[in-house]
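Each chain, letter by letter, is given below.
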Amino acid sequence: MKKEIRNLAGDLKKLISAGSEEDFMIPAKPARADAAAAVSAEPVLQPAPPQITKPQTAAPATATEPAESYTLESIAKQILSCQRCALGATRIKAVPGEGNPKARLMFIGEGPGYEEDRQGRPFVGKAGQLLDKIIAAMGFKREEVFIANMVKCHPMIDPQDPEKRGNDRAPVPDEIALCRGYVERQINAVGPDYIVALGGVAAKSLIRDAKSLSAIRGKIYDLELSSVQLAKPVKILATYHPAALLRNPGWKKDTWADLKILLADMGRTPPSAV
Ligand code: SF4
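Not measured: the values here are computed from a predicted model. (Residues numbered from 1 in each chain as written. Predicted model: local features only at pLDDT ≥ 70, side-chain atom pairs only at ≥ 80, totals over all residues. Heavy atoms only, no water.)

### Section: the overall build of the protein chain
Now for step 1: Counting its regular elements, the protein chain contains 11 helices and 6 strands.
Now for step 2: The buried share among the 274 residues of the protein chain stands at 44%.
Now for step 3: Summarising the internal contacts of the protein chain: among those between residues at least 6 apart in sequence, 76% fall at separations of at least 24.
Now for step 4: Total accessible area on the protein chain stands at roughly 13,300 Å², and carbon and sulfur atoms take up 56% of it. (Helix = DSSP H or I, 4+ residues; strand = E, 2+ residues; numbered from the N terminus. Buried < 20%, exposed > 50% of the residue type's maximum accessible area, 1.4 Å probe, protein only. Contact = heavy atoms within 4.5 Å. Areas by Shrake-Rupley, 256 points an atom, 1.4 Å probe, with all protein chains shown as cover.)

Have a look at this one:
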């Protein structure tokens, strides 16, 4: 009996000392445009016990990790073999992200869908085609920007039916928490001046504001990462996800209004509307 109690105490000590990525969470920063209103905002990701279903193969980013210790290539290599969360078991291809490695502008969505899972590239389905139009309307070429997602593997409603269309779902907070070290390291590796968070999942997670997307979109915030130190200042603006625009074309006008705010801050004149 004494031996069992000693073993139990040892296991508990290990669990407590292991910690999690949530330990590195930094309190949410208010929007520059609406600082007073944002002071009372709750952080979007509540600490939750990690649900690691498979052995970890890639170390999470840490607050002390120097930016020079990783590159887009080394991050992608880790992602391609990652099994940190359950999505790794059901993906066809992990989708690290792609684009200009020194882009001034990054777009970050929520996660790969059916087409992305098969091609290993971000935003290549119908929503991706609309994103291409949005990028062009902003006066950029797709290859000039960097495109990534909060999670790198396909979240499915029914993982037992991977061939089913419309089986996509938003990533849950535990999946985002386990994966966010990758996107945060990608942000530092690219070093953009601006990020567009596409949709509520990316917006709430990166801006760390639990309010609805409609409340936080269209404002420019100063980004703060939660698992690594930001190598340089980055501004972030949230707007609707292209998939949401396909379902609600009436939101395109609001999206364009949001993006014009970003373009004005960038000192660019938009050549056309979406
Ligand atoms: S979603 Fe992210 S954390 Fe989960 S297995 Fe894929 S790369 Fe790893």
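Once you've had a look at it, read on.
### Remarks on helix α3 (residues 72-80)
Now for step 1: Among the residues making up α3, those that are buried are Leu 72, Ile 75, Ala 76 and Ile 79. Here the buried residues of α3 occupy an arc of 100 degrees about the axis, which is enough to place them on one side. Opposite the buried face of α3, by more than 90 degrees, sit the exposed residues Glu 73 and Lys 77.
Now for step 2: Residues of α3 that are buried in the fold lie against β3 (146-149) and α7 (173-190). (Arc of directions from axis to C-beta.)

### Side note on the site of the ligand
Now for step 1: Taken together, Cys 82, Arg 84, Cys 85, Leu 87, Gly 88, Arg 91, Lys 152, Cys 153, Leu 178, Cys 179 and Tyr 182 form the complete shell of residues around the ligand.
Now for step 2: Of all elements in the fold, only α4 (87-90) and α7 reach the threshold of two or more residues within the shell around the ligand.
Now for step 3: Partitioned by chemical class, the residues of the shell around the ligand number 7 nonpolar, 1 polar and 3 charged. (Near = heavy atom within 4 Å. Nonpolar A, V, L, I, M, F, W, Y, C, P; charged D, E, K, R; others polar.)

### Some thoughts on the side chain of Asp 209
Now for step 1: One can find Asp 209 in the loop between α8 (200-207) and α9 (213-216).
Now for step 2: Of the polar contacts made by the side chain of Asp 209, one reaches the backbone nitrogen of Lys 211; its length is 2.9 Å. (Polar contact = N/O pair within 3.5 Å; in protein donor to acceptor, adjacent residues only side chain to side chain.)

### Section: the environment of Pro 159
Now for step 1: In this fold, Pro 159 is placed in the loop between β3 and α7.
Now for step 2: Here the alpha-carbon distance between Pro 159 and Thr 90, two residues 69 residues apart in the chain, equals 6.5 Å.

### Section: the nonpolar core
Now for step 1: The biggest cluster of nonpolar side chains holds 63 residues, and the ones touching the most others in it are Leu 105, Phe 107, Ile 108 and Met 138.
Now for step 2: Top element by residues in this core is α7. It accounts for 8 residues.
Now for step 3: With near-sequence residues (within four places) excluded, Ile 108 lies in contact with Ala 148, Asn 149, Met 150, Val 183, Ile 187, Ile 195, Val 196, Ala 197, Leu 198, Ala 202 and Leu 206. (Core = buried A, V, L, I, M, F, W, Y, C linked by side-chain atoms within 4.5 Å.)

### Here we look at unusual backbone geometry
Outside of glycine, negative phi angles account for most residues, and trans bonds account for most peptide bonds.
Now for step 1: You will see that Phe 123, though not glycine, has its phi angle at about 50 degrees, which is positive.
Now for step 2: For Phe 123, the position within the fold is in the loop between α5 (114-119) and α6 (126-137).
Now for step 3: Using a relative accessible area of 5% as the deciding quantity, one classes Phe 123 as buried.

### With respect to the environment of Pro 155
Now for step 1: As for its placement among the helices and strands, Pro 155 is situated in the loop between β3 and α7.
Now for step 2: Here the alpha-carbon distance between Pro 155 and Arg 169, two residues 14 residues apart in the chain, equals 5.6 Å.
Now for step 3: With sequence-adjacent residues up to four places away left out, Pro 155 is seen in contact with Leu 87, Pro 112, Asn 167, Asp 168, Arg 169, Ala 170 and Pro 171.

### Topic: the sheet that holds strand β4 (residues 194-198)
Now for step 1: If you walk across this open sheet you meet the 6 strands as β1-β3-β2-β4-β6-β5, and the pairing is mixed. With partners counted over all chains shown, the strands left at the sheet margins are β1 (98-99) and β5 (220-222), one partner each.
Now for step 2: Across 4 bridges, the pairing between strand β2 (residues 105-109) and β4 is parallel. Pairing of Met 106 across the sheet is with Ile 195, part of β4. (Pairing = 2+ DSSP bridges.)

### Description of the confidence of the model for the protein chain
Now for step 1: Per-residue pLDDT for the protein chain averages 81, and the proportion of residues at 70 or more is 74%.
Now for step 2: Confidence drops under pLDDT 50 across residues 1-59; counting only partners more than four residues distant or on other chains, this segment forms 80 contacts. (pLDDT = per-residue confidence, 0-100.)

### Side note on the packing of α3 against α7
Now for step 1: Two elements in contact, α3 and α7, have axes whose closest approach is 9 Å; the angle formed by their N-to-C orientations is 165 degrees. As the angle between them shows, α3 and α7 are arranged roughly antiparallel. Read as a crossing pair, α3 and α7 show a hand that is left-handed. Seen from α3, the contacting residues are Leu 72, Ile 75, Gln 78 and Ile 79; seen from α7, they are Tyr 182, Arg 185, Gln 186, Ala 189 and Val 190.
Now for step 2: Looking at the contact of α3 with α7, its residues break down into 6 nonpolar, 2 polar and 1 charged. (Axes fitted to C-alpha atoms, helices over the stretch in contact; angles between N-to-C directions. Parallel < 35°, antiparallel > 145°, perpendicular 65-115°, else oblique. Left-handed = near helix turned anticlockwise from the far one by under 90°.)

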